[in-house]
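Spelled out, the chains give:
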Amino acid sequence: MNGPPPLENYRSPQQFKDTVVAAFARREAQQPELVALREELAALKRESKLTAQDNAHAMRELENTLRTYANQIQVLTLRNAELEGQLHRRAGHEVSVIRVGPEHAGTRP
């Protein structure tokens with residue numbers, strides 16, 4: 001509906017007619033503001049969607065990195081156990097703890 005309906009057909013007091021005309025005028029005056037708000041809302045929704053996609057992508061990358069680190073830790077732990085076993089065999093005796101590190105370089109348990 002564009003503009004107010006013709007008011008000459010109404011059987012209402014002039015005050016009512018003036019109120020209706022004023023309401024339609026306010027509505028027409030607010031249209032540009034409403035259009036601008038709708039455009040801003042659409043832009044914010046697009047931005048929110050892009051942000052959510054970016055966050056999901058970052059989470060997938062972090063999860064992949066975490067899995068890689070967990071796998072590397074597992075491999076290093078297994079290798080460490082192998083090396084400890086070799087140390088025990090070379091030492092020729094059963095020692096429950098073999099100290100390895102720069103502070104114990106020249107000592108034997």
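Residues numbered from 1 in each chain as written. Predicted model: local features only at pLDDT ≥ 70, side-chain atom pairs only at ≥ 80, totals over all residues. Heavy atoms only, no water.

*Asks:* Can you walk me through the overall build of the protein in this structure?
*Replies:* Counting its regular elements, the protein contains 1 helix and 0 strands. For the protein, buried positions account for 6% of its 109 residues. Taken as a whole, the protein presents about 9900 Å² of accessible surface, with 57% of it coming from carbon and sulfur. (Helix = DSSP H or I, 4+ residues; strand = E, 2+ residues; numbered from the N terminus. Buried < 20%, exposed > 50% of the residue type's maximum accessible area, 1.4 Å probe, protein only. Areas by Shrake-Rupley, 256 points an atom, 1.4 Å probe, with all protein chains shown as cover.)

*Asks:* Quick question: what am I supposed to make of the pattern of salt bridges here?
*Replies:* Where side chains of opposite charge bring their charged atoms close, a pairing between them can arise. As enumerated under the stated definition, the model contains 1 salt bridge in all. Two residues, Arg79 and Glu82, come together in a salt bridge whose shortest N-O distance is 3.1 Å. Placement of the pair is Arg79 and Glu82 together in helix H1 (residues 14-91), with a separation of 3 residues, close to one helical turn. For Arg79, a relative accessible area of 40% translates into the label partly exposed. (Salt bridge = Lys/Arg side-chain N within 4 Å of Asp/Glu carboxyl O.)

*Asks:* For this particular structure, what's the right way to read H1?
*Replies:* Within an α-helix, residues lying three or four positions from one another point in the same direction, as the helix has 3.6 residues per turn. With 78 residues, H1 should reach 116 Å at 1.5 Å per residue; the first-to-last C-alpha distance of 111 Å fits that figure. The largest bend in H1 amounts to roughly 40 degrees and is located at Gln31, with the proline Pro32 lying one to four residues further along. Those residues of H1 that sit buried are Lys17, Val20, Phe24 and Gly85. Among the residues trailing H1, Gly92 stands out with phi positive, at a value near 80 degrees. (Expected span 1.5 Å × (residues − 1). Bend = angle between axes of the 7 residues up to and from the residue.)

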